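# Close look at the chain arrangement
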Amino acid sequence: MNVRRLHLVPALILLFSAAAIAPPTSLAETQKLVLVAGKPSHPPRMHEFNAGVQLLADSLKDVEDLDVEVVLNGWPQDETIFENADAVVFYMDGGGRHEIVQEEGRRLKMIDEWVKNGVGLGFMHYGVEVVTDQAGQEMTRWIGGHYENQFSCNPIWEPTFAVFPDHPVTNGVQPFQANDEWYFNMRFLSGMAGNEAKEIDGLQFQPILLAKPSDDVRDGPYVYPQGPYAHIQASGGRAEAMMWVVERSDGGRGFGFTGGHFHDNWGIDDYRKVVLNALVWTAKGQIPEDGIQSTVNEEQLDQNLDPKKPRKKK
């Protein structure tokens, strides 16, 4: 693997015509994966997008025939980094400030062109949330669903992921627990719950990380708004998908991962492995039977953190 460039975004983003940038296409045997980190947000060791994508890129350094490029601090000024990409993954703040919805829809149209050419897409943590009227239809086409404010919920809890489907993304993944802001009750395609494999309108949907929230978790509090939400409580006992993958009729792949709030969770081997597997799979790379192997120590977790003021004690 060759991590070639880090793109730092200045305060002012230059505007480019979507027509001026050729859509990414897969032309070489080596797969190209672009990881796009959002701007700094939240207190230290939370939403560490810049540190997170660099850690993930480093964890992929021994993967053969994979070229990983990293974009820091939001949408790149130089959009040529997207050319010939096999997959682009966004790890960033979402909602109305999501990087993909800026510039009055120009970026959405650009990404749609990638999708038509079979480019894979991934969205992680807050990046899975969009305002429905802005990009809900697009996200549903691209990755099968999205977080919808006050329909989905975002409690901080510690599920156990113990059973996995037979899929390349789960290769080598062993049962694990992780305390995180695990979103659930996504707005999935055709109103499905998302806890079963299905094919709908040419899109093959497969949940990867499933767990059953307890009644206490369903009651909240959620991070915002605090809740509880009656419809979340009414689904008690139901398994919820917190990671899923799709294969689209255009030949492209996609995934959503709702974890990623707490940076230190990247130090959990199987938590990290299932995401690394998804990154490589989405770019149509090969996943070994024992999954993507990597090690991360405390020193590595401390690298590249955004300069943030410590949270004030109440």
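The rules behind each value
Residues numbered from 1 in each chain as written. Predicted model: local features only at pLDDT ≥ 70, side-chain atom pairs only at ≥ 80, totals over all residues. Heavy atoms only, no water. Helix = DSSP H or I, 4+ residues; strand = E, 2+ residues; numbered from the N terminus. Rg over C-alpha atoms; globule rule 2.2 N^0.38 Å. Buried < 20%, exposed > 50% of the residue type's maximum accessible area, 1.4 Å probe, protein only. Contact = heavy atoms within 4.5 Å. Areas by Shrake-Rupley, 256 points an atom, 1.4 Å probe, with all protein chains shown as cover. Lys, Arg positive; Asp, Glu negative; His and termini not counted. Charge placed at Lys NZ, Arg CZ, Asp CG, Glu CD. Phe/Tyr/Trp six-rings, centres within 6.5 Å; stacked < 30°, edge-to-face > 60°. Axes fitted to C-alpha atoms, helices over the stretch in contact; angles between N-to-C directions. Parallel < 35°, antiparallel > 145°, perpendicular 65-115°, else oblique. Nonpolar A, V, L, I, M, F, W, Y, C, P; charged D, E, K, R; others polar. Core = buried A, V, L, I, M, F, W, Y, C linked by side-chain atoms within 4.5 Å. Expected span 1.5 Å × (residues − 1). pLDDT = per-residue confidence, 0-100. Salt bridge = Lys/Arg side-chain N within 4 Å of Asp/Glu carboxyl O. Left-handed = near helix turned anticlockwise from the far one by under 90°. Polar contact = N/O pair within 3.5 Å; in protein donor to acceptor, adjacent residues only side chain to side chain. Pairing = 2+ DSSP bridges. Right-handed = clockwise from strand over helix to strand, strands pointing away.

### Digging into the overall build of the protein chain
In terms of helices and strands, the protein chain carries seven helices and 13 strands. Relative to the 2.2 N^0.38 estimate, which gives 20 Å for 314 residues, the radius of gyration of the protein chain is 18 Å and therefore close to what a compact globule would have. With 314 residues in all, the protein chain has 56% of them scored as buried. Taking the intrachain contacts of the protein chain between residues at least 6 apart in sequence as the baseline, contacts between residues at least 24 apart amount to 76%. Surface accessibility of the protein chain: about 13700 Å² in total, with carbon and sulfur atoms responsible for 47%. Computed over 28 positive and 44 negative side-chain charges, the separation of the two mean positions in the protein chain equals 5 Å.

### Quick notes on the packing of aromatic side chains
By the definition in use, this model includes 20 aromatic pairs. Ring centres 4.9 Å apart and planes at 90° place the aromatic pair Phe188 and Trp244 in the edge-to-face group. Of the two residues, Phe188 is situated in strand β9 (residues 187-188) and Trp244 in strand β12 (residues 240-247); the sequence distance between them amounts to 56 residues. Using a relative accessible area of 0% as the deciding quantity, one classes Trp244 as buried. With a centroid separation of 4.5 Å and 65° between ring planes, the pair formed by Tyr222 and Tyr229 is classed as edge-to-face. Here a set of aromatic residues connected by ring pairs shows up, and it is made of Phe49, Tyr91, Phe161, Phe176, Trp182, Phe257, Trp266 and Tyr271.

### Re the packing of helix α1 (residues 49-59) against helix α6 (residues 269-282)
Running from amino to carboxyl end, α1 crosses α6 at an angle of 75°, the nearest separation of the two axes being 11 Å. By the angle between their directions, the pair α1 and α6 is classed as roughly perpendicular. Judged by residue contacts, Leu55, Leu56 and Ser59 of α1 engage Arg272, Val275, Leu276 and Leu279 from α6. Each residue belonging to the contact of α1 with α6 can be placed in one class, and the counts come to five nonpolar, one polar and one charged.

### Section: the nonpolar core
Residues Leu33, Leu60, Phe257, Trp266 and Leu279 are the most contacted members of the largest nonpolar core, which totals 53 residues. If you list the elements that add at least two residues to this core, you get β2 (31-37), α1, β3 (66-72), β4 (87-91), β11 (203-211), β12, β13 (253-257) and α6. With eight residues, the single largest contributor to this core is α6. Leaving out residues up to four positions away in the same chain, Leu33 has contacts with Leu60, Leu66, Asp67, Val68, Glu69, Ala87, Val89, Leu279 and Ala283.

### Quick notes on α6
For α6, built from 14 residues, the straight-helix expectation of 20 Å at 1.5 Å per residue is met to within 8% by its first-to-last C-alpha distance of 20 Å. In terms of burial, α6 is a largely internal element, 13 of the 14 residues being buried. Following α6 by one or two positions, Lys284 has its phi on the positive side, about 65°.

### Description of the confidence of the model for the protein chain
Confidence in the prediction for the protein chain averages 92 pLDDT; 90% of positions are at 70 or higher. Considering only residues more than four positions removed or in separate chains, one finds that residues 9-21, a stretch of pLDDT under 50, has 21 contacts.

### Observations regarding the environment of Ala51
Within the fold, Ala51 resides in helix α1. Owing to a relative accessible area of 2%, Ala51 belongs among the buried residues under this scheme. Sequence separation between Ala51 and Leu301 is 250 residues, and the spatial gap between their C-alpha atoms is 7.9 Å. Each residue touching Ala51, except ones within four places of it in the same chain, is listed here: His263, Gln303, Asn304 and Leu305.

### With respect to the pattern of salt bridges
Applying the stated criterion across every chain, the model contains 17 salt bridges. Each of Lys39, Glu79, Glu99, Glu103, Arg106 and Arg107 takes part in salt bridges that share partners, so that together they form one network.

### Quick look at the packing of helix α2 (residues 106-116) against helix α3 (residues 132-143)
Their axes nearest at 11 Å, the elements α2 and α3 cross at an angle of 15°. In terms of orientation, α2 lies roughly parallel with respect to α3. Viewed along their axes, α2 and α3 form a crossing whose handedness is left-handed. Side by side, α2 and α3 meet where Leu108, Ile111, Asp112 and Val115 of the first sit next to Gln134, Ala135, Glu138, Arg141 and Trp142 of the second. A per-class count over the contact of α2 with α3 returns five nonpolar, one polar and three charged.

### Looking at the side chain of Ser41
Residue placement: Ser41 occurs in the loop between β2 and α1. At 3.2 Å, the side chain of Ser41 forms a polar contact with the side chain of His42. Only 3.2 Å separates the side chain of Ser41 from the side chain of His47, close enough to count as a polar contact. Not counting residues up to four positions away in its chain, the partners in contact with Ser41 are Met46, His47, Phe49, Asp93 and Lys308.

### Looking at the pairing of β3
Of all seven residues in β3, seven are buried; the element is thus mostly enclosed. Alternating residues of β3 divide into Leu66, Val68, Val70 and Leu72 and Asp67, Glu69 and Val71, and every residue in both groups is buried. Note that β2 and β3 share six bridges and pair parallel. Each residue of the ladder has a partner; that of Leu33, found in β3, is Val68. In terms of handedness, the path from β2 via α1 over to β3 forms a crossover that is right-handed.

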